Amino acid sequence: MFLKKINCPRPVIITDSQEEIDKASEEGIAVIGYEHDGIRLRTDFIITSPDALCDDYIKEVHDLYYRIPRVILETGRTVIKQMDPENDVLKLFDLYDKPGVTEFMEPLYPYLEEKAYEQDYFDNIYRFYDFGMWNVFLKSDGRLIGRCGLEYKVLPVIKSEKTVDEAVLHSDDNWLELGYVTDPDLWHQGYGFETTRAVLELARSKGHHQFFAQIAPLNKASAALAQKLGFNEAGEIPDAGENLWILKEEA
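So, here's what we can say about the structure.

The rules we used
Residues numbered from 1 in each chain as written. Predicted model: local features only at pLDDT ≥ 70, side-chain atom pairs only at ≥ 80, totals over all residues. Heavy atoms only, no water. Salt bridge = Lys/Arg side-chain N within 4 Å of Asp/Glu carboxyl O. Helix = DSSP H or I, 4+ residues; strand = E, 2+ residues; numbered from the N terminus. Buried < 20%, exposed > 50% of the residue type's maximum accessible area, 1.4 Å probe, protein only. Pairing = 2+ DSSP bridges. Axes fitted to C-alpha atoms, helices over the stretch in contact; angles between N-to-C directions. Contact = heavy atoms within 4.5 Å. Parallel < 35°, antiparallel > 145°, perpendicular 65-115°, else oblique. Left-handed = near helix turned anticlockwise from the far one by under 90°. Nonpolar A, V, L, I, M, F, W, Y, C, P; charged D, E, K, R; others polar.

Considering all chains together, one arrives at 17 salt bridges under this definition. A salt bridge links arginine 147 to glutamate 118, with the nearest nitrogen and oxygen atoms 3.6 Å apart. Of this pair, arginine 147 sits in strand β8 (residues 144-153) while glutamate 118 sits in helix α4 (residues 111-126), and the two are 29 residues apart along the sequence. Judged by relative accessible area, glutamate 118 falls into the buried class, the value being 2%. In this structure, glutamate 249 engages arginine 204 in a salt bridge whose closest nitrogen and oxygen atoms are separated by 2.7 Å. Of this pair, glutamate 249 sits in the segment after β12 (242-248) while arginine 204 sits in helix α6 (residues 191-205), and the two are 45 residues apart along the sequence. Via salt bridges that share partners, Lys98, Asp141, Arg143, Asp183 and Asp185 belong to a single interconnected network.

Moving on, we come to the sheet that holds strand β10 (residues 210-215). Pairing is mixed in the open sheet, where eight strands are placed in the order β5-β6-β7-β8-β9-β10-β12-β11. Unpaired on one side and paired on the other, β5 (71-74) and β11 (232-237) mark the two borders of the sheet. Each adjacent strand pair in this sheet contributes to an overall mean axis angle of 25 degrees, direction not counted. Of the strand pairs in this sheet, β5 and strand β6 (residues 78-81) are connected by three bridges, and their pairing is antiparallel. Bridge assignment links leucine 73 to a residue of β6, and that residue is isoleucine 80. Contacts between α6 and the sheet are confined to β5, β6, β7 (133-138), β8, β9 (175-182), β10 and β12, with β8 contributing the most and set at about 35 degrees to the helix.

Right, let's get into the packing of α6 against helix α7 (residues 220-229). In the contact formed by α6 and α7, the axes pass within 11 Å of each other and the chain directions differ by 45 degrees. Considering the angle they form, α6 stands oblique to α7. Both α6 and α7 take part in a crossing whose hand is right-handed. Residues Gly192, Phe193, Thr196, Arg197 and Leu200 of α6 form the contact with α7, whose own contacting residues are Leu225, Lys228 and Leu229. Tallied by class, residues from the contact of α6 with α7 come to four nonpolar, two polar and two charged.

Before going further, it helps to spend a moment on the environment of valine 61. Secondary-structure assignment places valine 61 in helix α2 (residues 55-65). Along the chain, valine 61 and valine 12 lie 49 residues apart, while their C-alpha atoms are 8.0 Å from each other. If sequence neighbours within four positions are ignored, valine 61 has contacts with Ile32 and Phe45.

Below, the structure written as structure tokens:
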């Protein structure tokens, strides 16, 4: 039996024993399964070679399992981080309670439901996907000032097409939906463009070149931001009250 315990701020166990994996899960300890020589294991994190046990991977497993939010990237004025389900939810309510924020987007759930939703999102989106919706904080004072991110989604069907190639709209390729919201106190100061541009550049660096956004026709500010980012309006999404904007680039 192979068993190794890594000294992170909280423990991470690497093992090829299903019994040890089950024991660690019962005790709330992060575990990485090591499959080799026909051994097959049931756990979220698995390696097939010791070479995969780099410090970055172990730290990633540690942070995901214990719900420790990671910094995704930094811009000139902001830090973009994963949601912290324990500490960020009330800050999110303060943001969403400001006038104008939910005029064109859904409000949050009641507090306990929202917290459970964010915990589930951390466990099932952050853990298994390289993108998601993230929180935006000011570098100057650490204040939460918005959200920004990308999520894997199916491209919506539209009612009327404008100047977009039909083959693009009906491709089966992976698309990423761009989402964003900024504190109304900081509107018209370039924060939306600064953060969304950085997130799109991150996606491009990982080989993604197909993006879309859903924007209400009356949401002129979001439409202007999408256009500035290079998106084109494609048409109306039936029964959604929104228009589809797309950005497809050559790989």
